[in-house]
Number of protein chains: 2
Amino acid sequence: MAEISATPFLWPDRSPHPLSAEALASVDAWWRAANYLSVGQIYLLDNPLLRQPLTRDHIKPRLLGHWGTTPGLNFLYAHLNRAIQERSISTLYVTGPGHGGPGMVANAYLDGTYSEIYSGVDQSEQGVKALFRQFSFPGGIPSHASPETPGSIHEGGELGYALSHAYGAAFDNPDLLVAAVVGDGEAETGPLATSWHSNKFIDPLQDGVVLPILHLNGYKIANPTVLARIPEEELLDLMRGYGHKPYIVAGGFDGEDPLLVHQRMAETLDEVLNEIAAIKARALAGDTERPRWPMIILRTPKGWTCPPVIDGVQVVDSWRSHQVPLSNARDTEAHTRLLEEWLASYRPEELFDADGAPAAQVSALAPVGDLRMSANPVSNGGLLRRALKLPDFKKYGVEVPSPGATTDEATKVLGTWLADVIRDNPDNFRIFGPDETASNRLAPAVYAATDKQWNAEFHEGDTNLARAGRVMEMLSEHQCQGWLEGYLLTGRHGLFNCYEAFIHIVDSMFNQHAKWLKVTREIPWRRSISSLNYLLSSHVWRQDHNGFSHQDPGFIDHVVNKSADVVRVYLPFDANTLLATYNHCLRSVDYVNVVVAGKQPAPNWLTMDQAVAHCKRGLGIFDWAGTEKFGTSPDVVLAAAGEVPTLEVLAAAAILREWLPDLAVRVVNVVDLMRLQSEADHPHGLSDNEFDAIFTADKPIVFAYHGYPWLIHRLTYKRNGHGNLHARGYKENGTTTTPFDMVMLNDLDRYHLVMDVIDRVPGLGARAALLRQEMQDARLRARTYTRDHGEDIPAVTEWVWDADGVGVTPDNAGVSTGGDNV
Amino acid sequence: MAEISATPFLWPDRSPHPLSAEALASVDAWWRAANYLSVGQIYLLDNPLLRQPLTRDHIKPRLLGHWGTTPGLNFLYAHLNRAIQERSISTLYVTGPGHGGPGMVANAYLDGTYSEIYSGVDQSEQGVKALFRQFSFPGGIPSHASPETPGSIHEGGELGYALSHAYGAAFDNPDLLVAAVVGDGEAETGPLATSWHSNKFIDPLQDGVVLPILHLNGYKIANPTVLARIPEEELLDLMRGYGHKPYIVAGGFDGEDPLLVHQRMAETLDEVLNEIAAIKARALAGDTERPRWPMIILRTPKGWTCPPVIDGVQVVDSWRSHQVPLSNARDTEAHTRLLEEWLASYRPEELFDADGAPAAQVSALAPVGDLRMSANPVSNGGLLRRALKLPDFKKYGVEVPSPGATTDEATKVLGTWLADVIRDNPDNFRIFGPDETASNRLAPAVYAATDKQWNAEFHEGDTNLARAGRVMEMLSEHQCQGWLEGYLLTGRHGLFNCYEAFIHIVDSMFNQHAKWLKVTREIPWRRSISSLNYLLSSHVWRQDHNGFSHQDPGFIDHVVNKSADVVRVYLPFDANTLLATYNHCLRSVDYVNVVVAGKQPAPNWLTMDQAVAHCKRGLGIFDWAGTEKFGTSPDVVLAAAGEVPTLEVLAAAAILREWLPDLAVRVVNVVDLMRLQSEADHPHGLSDNEFDAIFTADKPIVFAYHGYPWLIHRLTYKRNGHGNLHARGYKENGTTTTPFDMVMLNDLDRYHLVMDVIDRVPGLGARAALLRQEMQDARLRARTYTRDHGEDIPAVTEWVWDADGVGVTPDNAGVSTGGDNV
């Protein structure tokens, strides 16, 4: 278990009281300055401090960006600054609302972080101008919070993940406060709606604190929000039902003086922070009851402080303030004037000094150094990342006296190593999964080393549940992915284990994370973070009893669409190759590693030394399985990528060796799928010469692949041998089968592979024709057997690779040896 | 608005009272029979009615399936039967828990539906044997509720969509009750967590009633569930916060007599149904307050009625009963005996008559005919589907005096037609979208015809919101997709409009629906349902201000992985082609149609007649844009698929025509992407001859494509011309730009296309070399301009197609005409 800090959150109690006049003025000045800078980013190209009368030439030709949510985000930032100053709380600010980008940038600029990172945007009038110009401008920054924004671990692109990210950041950061703003639009998304339940998975001792702030500004793009349009008591019930103690701060409507709202907010924030301190203290004193963590509902008008009515229609407190309230500011003189008044309403002359730097009253609110939310090192997790202490994975390997001589459940073996990874890294490595860690067989080993973290009720007889543990399970793939992302982005390590078919649930989350990784590669101050590692099991070839809806190997296709700099796909095919692969994944940074592996008992093919060498190459020739003569060219290449394809290719090779011993068969296995691509397209790609050396440039290639077969074509279409390549893989057939029956249904079976070879190698003669017939017969026998018996034919289930190079077919029930037939 | 039935749900009040002894016996007999048949499906190959002592040979060799959730589903089915009999309520039973398959099948068998549909599974001992054998058996049925299960619109594959589907079924079905069982595991998923809010979107007059039943059986695969481990008051708060009035039925723990639980359930169900009737009556009387619809929390032990303890460990009321409680029933004599006792505990001798048919006491509980939940026609929506009345889309077309002579927002034009579709089909067509219907510009026309349906609070100034309306908007793509699926599966029509990048959020839901469609094609009794239509706008080439996170055209790739029988992809490029495309989509059945279209002002290229002809062919040669001579072969093919690619290809063609008038350029446009595939791979696929006739077999093809370019290679890799094909499309570059700047960043611009042609057509000479240089210069000028001015260069924004066949470049600011330079 993680070492517990002695004094987490033991802030001196500060009874809620009104802000002093000075403090109030400072908070308000910050807020006005942030609002001013936000409006400026959206509209201005020049005249940044409004020191001349505003003209159309000062205004951007294309007005882009989002105002509506911004004043609320700025408001919270100002108040949190005040609290951080008083209490020195290390605070991360996560903002869910999608398009508060100008606000996040404005606050980072005001507290100095922005200029420290981007020297071209200094604290001067020219700096303000640069700040404005770059926003949503060609070559500049996006209109939402993005990797370029200091302090952010959370893009404003796709909504729904603010709380999951916040909790991911809080795990194992006992002294961290994560203020997580949830937009009321975002709150309607599914992932956000379930992420409130994260509070049953956080430990008050070991972990930090998430303070959710539901920002109820009432409107989305073109609609009211649901949570703003239910009775307040219903909303409070909902928050209580989610396990929180809700506090409401409301104000700013109908022109209410913001100073009054500041007082309300400050008082509530003090009360809430005191309560958090009390919860932490109770936990330290041994109280194990799940706390009802406080949360804040902030109800303010959307677009707060912009012109309330424009062209006769309501804009403030309406969806009309969502984006750019004055869309004709450049082309309509009346709107130019309105914009000028709007900007002037923040009294910029008070907010910036003669040089254009933030005035002292504003700057005074910024906390010092790393306490500035935009400078918090947890938001640039690579700064804090410590490499994992990884036990020597080779010691966990299984004995393989000869290929296929032993059988193991690959993920179960991996679990023994992961258990020690957990033991050696008690505070910065976690395993995430939607109730499938045991089903995917990382248990029992992993649960000998740790428990599942759980802070809901315990019942007698519960197993492997504890208030603190390294395994995080909730039946929401979104939650698992979001937690893990937050954990990685703040400098830690982990993996997500999931059923292969259901990982599509997080397709779009993967997209966002892959894009984040891609962009951060170009941002020098963003430090490398640990890779996002998937472990996909219960894979497509083992969905024999669940049925068609559990069959989909397409996540790989989805992943391969993303930048080659970022994505890696591995298909280890036995216990030792899985260990070698995962050892590599847990050491890597800045990638998304997709690993698909088997969990059912299956033959081990490679010794650990062989596995290490094979995985290092990423692909290779199984010379022990082929029949080519040294120094000559093979007649045909039988290639496999994936657990089941490897088995079938080897079984096919065994059949060919028995029947057609003079046929020079080369057996190739691909464990790193990206090796197939051209080196021009992917850093792992083989050169054409290397590719030809393995696959030949002119011989038939029969390729058995784990997923949809066209991916193999896509990855190899520039290769010399592509015209000779025949790929088999998963097809959408849809039925319930036994495992081998499913392989047959997809024509990925050994019999088809043998027939493929026969059909593609010219001049094989009569014996090959006989073998072809035998393959058809054997296939029919196998199919009939499953339908009669409900399990696969012994010829297949009992088939083992013969170390002498001959496949053994027990009882001759499957494939005739052919000896008597010719 | 839909016509309101005069007497929806006006059941006679039936004061809750204890069941009579006879009714109680009947409910209990049904429940025992359903449980017996469920256990039998999981375990038995033979001896179906336990009329001989059970031996290992009677037991399946592979034990697959899920017991845990099944007794609860059977319990509810029995009780709903009783209520349906008394009240004649048309009821659909939606079961969220993933693996209650054996239960659903058992109930359909008991009420006779199963045997009516599957004659091989009749109501006899042999029928029971067949029923048991097929379950999770090769060639049989999956272990979860699936399309093969009568009464189901809802697969048990992936969890999270029970309530969305239920509400989708209830819309515009004012007399329908949808009893929707939510598993407590499922309740942890994001989509389910937000779908409770559906109750703010249903109208008590126009729509039916959803009765959510949260089945709190406490455990998932290997964990307790969150909602079962919070204090009851917190759970009640949560349900109240979701806007429901919760009722709790709990029992069956520690061996409590089920008869007592039956009484409790019956009483609560009566009370709840009375309350629903009262709500309906109040609504009819004019009450417009949003009702707090009742919902039921059913708390029973997981695995209820199986052996409570096996091998010394707790099984009932534990995750251990999730799947197959007696996994060694065939191989361990003690377990065989335990299984026999378990089966016998249901007293099968009372439940089946001598022939093996359900005993009268059991059958007596089945409602009559279509009132049987498994026979409800809404669960086989094609039975009820009425074709849409579609106004003649051609009348809504825009004038196109010559290509590019007019400009329109394509989706806005589509909106004018959709408005009349809505007017003409007031009760069976809806538009779904996550707050983007206006942004995607179907407004304002659509809102002249209807409103957004909304039953949360109304505020003064709200626009286009009403208690009943044809547009459904909630900021959850899951919800939109789930509602639409439920609506389609029950026989209606609709479309889902969404931003292109964010449609990946429903990747896995699309998967499930596509699989459903594929399987139902093979099930004769399942009738055709309307296609699932996507309208994706705010597409990848128009994400200029949002930034990288909004850029992803990969949904098409995801879709194309699914069965060719089911998926269609269309890329209409102007207003008239979009109208023609959507007219086709709304007439079609059993497909998923993905349509990507522009919403920004863009040139119209085809007259309506041309658009109709072009869309009918799916692709074609723009002879007005090319320079080939009739009867000769072109030198090069410039092909486009998508709005922006079409524009760029035409601009490139114009430049080529000006500079290299002797070069025979063919311009091809593809609107139906599946036409590219081989006819062997897709029903829309061109024959090779047809393909060659359009693309040539040997000339260079420069293909500008909307999405990731490799899809074009994948679709065409078997074609003769594939070796000559060069595809350009979207690349993961990641920046903020103006529209054309983004096109340039991806090298899809006109200048690159011209250079591609020059690089691929041999022997073009000095003028081509000069043009190449000019293209590089023009490109640089355009790029510099955007960075200086924040908008695209006039040479591009003001470019128009010259009807005389020459591109006009205003002010010579963009591309020199070349006239003076050579």
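Residues numbered from 1 in each chain as written. Chains lettered and ligands numbered in written order. Predicted model: local features only at pLDDT ≥ 70, side-chain atom pairs only at ≥ 80, totals over all residues. Heavy atoms only, no water.

Undergrad: Explain the overall build of chain A residue by residue, including any values.
TA: Broken down by element type, chain A carries 26 helices and 22 strands. Here chain A has a C-alpha radius of gyration of 31 Å; the compact-globule value for 822 residues is 28 Å, and the two agree. In terms of overall dimensions, chain A has a C-alpha envelope of 100 × 65 × 45 Å along the principal axes. Evaluated residue by residue, chain A yields a buried proportion of 70% over its 822 residues. In chain A, 78% of the contacts between residues at least 6 apart in sequence involve partners at least 24 apart. Carbon and sulfur atoms make up 50% of the accessible area of chain A, which amounts to about 23,700 Å² in all. Computed over 70 positive and 101 negative side-chain charges, the inter-centroid distance for chain A is 2 Å. (Helix = DSSP H or I, 4+ residues; strand = E, 2+ residues; numbered from the N terminus. Rg over C-alpha atoms; globule rule 2.2 N^0.38 Å. Buried < 20%, exposed > 50% of the residue type's maximum accessible area, 1.4 Å probe, protein only. Contact = heavy atoms within 4.5 Å. Areas by Shrake-Rupley, 256 points an atom, 1.4 Å probe, with all protein chains shown as cover. Lys, Arg positive; Asp, Glu negative; His and termini not counted. Charge placed at Lys NZ, Arg CZ, Asp CG, Glu CD.)

Undergrad: Describe the nonpolar core, and please don't skip the residues or the numbers.
TA: Soluble, globular proteins show a tendency: their nonpolar side chains are buried together. By size, the foremost hydrophobic cluster in this structure holds 356 residues, and its most contacted members are Leu673(A), Phe695(A), Leu673(B) and Phe695(B). Setting aside chain neighbours within four positions, we find Leu673(B) in contact with Ile556(B), Val569(B), Leu571(B), Ala641(B), Tyr705(B), Leu711(B), Ile712(B) and Leu715(B). Formed by 92 residues, the second largest nonpolar core is a distinct cluster that contains Phe573(B), Val644(B), Val757(B) and Trp801(B). (Core = buried A, V, L, I, M, F, W, Y, C linked by side-chain atoms within 4.5 Å.)

Undergrad: Quick rundown of the sheet that holds strand S5 (residues 294-299) of chain B? Include the residues and the values.
TA: All names here are of chain B. The strand order across the open sheet formed by five strands is S1-S2-S3-S5-S4, and the pairing between neighbours is parallel. The two strands at the open ends of the sheet, each matched to only one other strand, are strand S1 (90-95) and strand S4 (245-250). Going from strand to strand, the sheet's axes swing by 20 degrees on average, the running direction of each strand aside. Sheet strands in contact with helix H6 (residues 162-170) are S1, strand S2 (176-183) and strand S3 (209-216), and its direction is about 175 degrees off that of S2. (Pairing = 2+ DSSP bridges. Axes fitted to C-alpha atoms, helices over the stretch in contact; angles between N-to-C directions.)

Undergrad: Any chance you could break down the interface of chain B and chain A for me, citing the residues and the numbers?
TA: The interface is formed by 120 residues belonging to chain B together with 120 residues belonging to chain A. Each partner contributes to the roughly 9,400 Å² buried at the junction of chain B and chain A, and carbon and sulfur atoms together form 54% of this total. Ranking the residues of chain B by area buried against chain A places Arg229(B), Leu475(B) and His545(B) at the top, with a combined share of 8%. The interface formed by chain B and chain A holds 12 salt bridges in total. Residue Glu732(A) pairs with Lys562(B) through a salt bridge whose shortest N-O separation is 3.4 Å. The interface formed by chain B and chain A holds 53 residue pairs in polar contact (both at pLDDT 80 or more) in total. If you list the elements that add at least two residues to the side of chain B that touches chain A, you get helix H7 (190-195), helix H8 (232-241), helix H16 (507-520), helix H17 (555-560), helix H22 (710-716), helix H23 (739-745) and helix H25 (766-789) of chain B. (Buried area = accessible area lost by both parts, 1.4 Å probe. Salt bridge = Lys/Arg side-chain N within 4 Å of Asp/Glu carboxyl O. Polar contact = N/O pair within 3.5 Å; in protein donor to acceptor, adjacent residues only side chain to side chain.)

Undergrad: Kindly report on the packing of helix H2 (residues 70-87) of chain A against helix H3 (residues 101-110) of chain A, identifying the contributing residues and their values.
TA: Residues and elements named next belong to chain A. Between H2 and H3, whose axes approach to 8 Å, the crossing angle comes to 30 degrees. Judged on the interaxial angle alone, H3 and H2 are roughly parallel. Read as a crossing pair, H2 and H3 show a hand that is right-handed. On H3, the residues touching Thr-70, Asn-74 and Tyr-77 of H2 are Pro-102, Gly-103 and Asn-107. Split into classes, the residues belonging to the contact of H2 with H3 amount to two nonpolar, four polar and no charged. (Parallel < 35°, antiparallel > 145°, perpendicular 65-115°, else oblique. Left-handed = near helix turned anticlockwise from the far one by under 90°. Nonpolar A, V, L, I, M, F, W, Y, C, P; charged D, E, K, R; others polar.)

Undergrad: Please provide a residue-by-residue account of the sheet that holds strand S19 (residues 636-641) of chain B, values included.
TA: All names here are of chain B. Ordered in space as S18-S20-S19-S21-S22, the five strands form an open sheet in which the pairing is mixed. At either margin of the open sheet sits one strand with a lone partner, and together these are strand S18 (619-621) and strand S22 (725-728). With direction set aside, neighbouring strand axes in the sheet form an average angle of 20 degrees. Taken together, the four bridges between strand S21 (residues 701-705) and S22 define a ladder with parallel strand orientation. Paired with Ile-701 across the bridge in S22 is Leu-725. This element, helix H20 (residues 643-659), spans S19, strand S20 (665-670) and S21 of the sheet and lies at about 155 degrees to S19.

Undergrad: Got a sec to walk through unusual backbone geometry? Specific residues and values, please.
TA: Residue and element names in this part refer to chain A. The omega torsion across Ala-443 and Pro-444 is 0 degrees, close enough to zero to call that bond cis. Positive phi outside glycine occurs at Leu-50, with the angle close to 60 degrees. Secondary-structure assignment places Leu-50 in the loop between helix H1 (21-43) and H2. A relative accessible area of 16% means that Leu-50 is categorised as buried.

Undergrad: An account of the packing of aromatic side chains is requested, with residue identities and associated values reported.
TA: Taken as a whole and assessed by the stated rule, the structure comprises 61 aromatic pairs over all chains. Taken together, a centroid distance of 5.6 Å and an interplanar angle of 85 degrees make the contact between Phe201(A) and Trp454(A) edge-to-face. Here the residue Phe201(A) occupies a position in the loop between helix H7 (190-195) and strand S3 (209-216), and Trp454(A) occupies one in the loop between strand S10 (452-453) and strand S11 (465-466), the gap between them amounting to 253 residues. Taken as a pair, Phe201(A) and Trp454(A) share a single burial class, namely buried. Three or more aromatic residues link up through ring pairs in this structure, and these residues are Phe573(A), Trp605(A), Phe622(A), Trp624(A), Trp799(A) and Trp801(A). Over the ring of Phe548(A) we find Lys515(B); its NZ or CZ atom is 3.9 Å from the centre of that ring. (Phe/Tyr/Trp six-rings, centres within 6.5 Å; stacked < 30°, edge-to-face > 60°. Lys NZ or Arg CZ within 6 Å of the ring centre and 35° of its normal.)

Undergrad: Tell me what's going on with the domain arrangement of chain A, and back it up with residues and numbers.
TA: All names here are of chain A. Split into domains, chain A comes out as domain 1 (28-348), domain 2 (393-602) and domain 3 (621-798). A straight line from the C-alpha centre of domain 1 to that of domain 2 covers 34 Å. Contacts between the two partners involve 38 residues from domain 1, matched on the other side by 34 residues from domain 2. At the boundary of domain 1 with domain 2, total buried surface from both sides reaches about 2,800 Å², with 57% on carbon and sulfur atoms. For the interface between domain 1 and domain 2, the tally reads three salt bridges. Between Asp-172 and Arg-430 there is a salt bridge; the shortest N-O distance is 2.9 Å. The interface formed by domain 1 and domain 2 holds 23 residue pairs in polar contact (both at pLDDT 80 or more) in total. Of all the secondary structure elements, the ones that give two or more residues to the side of domain 1 that touches domain 2 are helix H6 (162-170) and H7. The element that contributes the greatest number of residues to the side of domain 1 that touches domain 2 is H6, accounting for six residues. (Domains from an automatic or database assignment.)

Undergrad: Explain the pairing of strand S4 (residues 245-250) of chain A to me, and be specific about the residues and the numbers.
TA: All names here are of chain A. Sheet analysis places S4 next to strand S5 (residues 294-299), joined by six bridges and oriented parallel. The residue of S5 that forms the bridge with Val-249 is Leu-298. On the question of chirality, the crossover connecting S4 to the parallel S5 by way of helix H9 (residues 258-284) is right-handed. (Right-handed = clockwise from strand over helix to strand, strands pointing away.)

Undergrad: Give me the lowdown on the relation of the copies chain B and chain A, citing residues and values where you can.
TA: Superposing chain B onto chain A takes a rotation of 180 degrees combined with a translation of 0.0 Å along the rotation axis, leaving an RMSD of 0.0 Å. One copy is carried onto the other by what is essentially a two-fold rotation axis. Taking C-alpha positions as the reference, the residue of chain B nearest the rotation axis is Gly190(B), at 2.0 Å. With an isologous cut-off of 70% or more, the 100% of interface residues of chain B that recur at the interface of chain A puts this contact in the isologous class. (Least-squares fit on C-alpha atoms with pLDDT ≥ 70 in both.)

Undergrad: Which residues make up the environment of Gln323(B), and what values do they have?
TA: Along the polypeptide, Gln323(B) turns up in the loop between strand S7 (313-314) and helix H10 (333-344). Relative accessible area serves as the criterion here: at 33%, Gln323(B) is assigned to the partly exposed category. Measuring from C-alpha to C-alpha, the distance between Gln323(B) and Gly68(B) comes to 6.2 Å, with 255 residues separating the pair along the chain. Not counting the four nearest positions on each side in its chain, Gln323(B) is found in contact with His545(A), Gly65(B), His66(B), Trp67(B) and Gly68(B).

Undergrad: Which residues make up the environment of Ala768(B), and what values do they have?
TA: All names here are of chain B. Here Ala-768 lies in helix H25. On the accessibility criterion, Ala-768 (1% relative accessible area) is buried. When the C-alpha positions of Ala-768 and Val-249 are compared, they lie 81 Å apart, and in sequence the two are 519 residues distant. Setting aside anything within four residues of it in sequence, one finds Ala-768 in contact with Leu-660 and Ile-758.

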